[in-house]
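# Coordinate analysis (summary)
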Amino acid sequence: MKIDSIRDAVQKSHVRISDHADEEAEADGLTFDEIYFSVLHGEIIEDYPGDKPYPSCLIYGMTFSGDPVHSVWAYNEENQWAVLVTVYRPDPDRWIRWRERKRL
């Protein structure tokens, strides 16, 4: 998946937010402006091409204040909308430089 497609959807406000992502954002004290900023300046660190109903990916980015954020986005190529599946502040005990999962 190309991050440019997701960024374009975010910039055009072609975004759907799952109930789960909404709940997780609130639980982690993340605003959608922070989440969108993290995507616009972030990078794909894992790709999930087999996800249904649309391929998805894990994006690592930072908030305005430099805090790490992980968000999972699905992208519907047909209508060019992005879906925020989930979002969270990554646990430092589970990630190496926020980009690579630690082997537990």
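Above this text is the structure in question.
In this text the structure is predicted, and so the values were computed from the model without any measurement.

## Side note on the side chain of Glu34
By secondary structure assignment, the location of Glu34 is in helix H3 (residues 32-40). Although Glu34 is buried, it makes no salt bridge; Arg89 carries the closest opposite charge, 4.6 Å away. Engagement of the side chain of Glu34 in a polar contact is seen with the backbone nitrogen of Thr31, the distance being 3.0 Å. Setting aside residues up to four positions removed in sequence, Glu34 forms contacts with Gly29, Met62, Thr63 and Phe64.

## Remarks on the nonpolar core
Core analysis: the biggest nonpolar cluster contains 18 residues, and Ile6, Ile35, Ile59, Trp73 and Val87 have the highest contact counts within it. At four residues, the largest contribution of residues to this core is made by helix H1 (residues 3-11). Ranked by size, the runner-up nonpolar core spans five residues in total, among them Ile45, Leu58, Val72 and Trp95.

Rules used in this analysis
- Residues numbered from 1 in each chain as written.
- Predicted model: local features only at pLDDT ≥ 70, side-chain atom pairs only at ≥ 80, totals over all residues.
- Heavy atoms only, no water.
- Helix = DSSP H or I, 4+ residues; strand = E, 2+ residues; numbered from the N terminus.
- Buried < 20%, exposed > 50% of the residue type's maximum accessible area, 1.4 Å probe, protein only.
- Lys, Arg positive; Asp, Glu negative; His and termini not counted.
- Salt bridge = Lys/Arg side-chain N within 4 Å of Asp/Glu carboxyl O.
- Polar contact = N/O pair within 3.5 Å; in protein donor to acceptor, adjacent residues only side chain to side chain.
- Contact = heavy atoms within 4.5 Å.
- Core = buried A, V, L, I, M, F, W, Y, C linked by side-chain atoms within 4.5 Å.

Function cannot be inferred from these measures alone, as they are strictly geometric.
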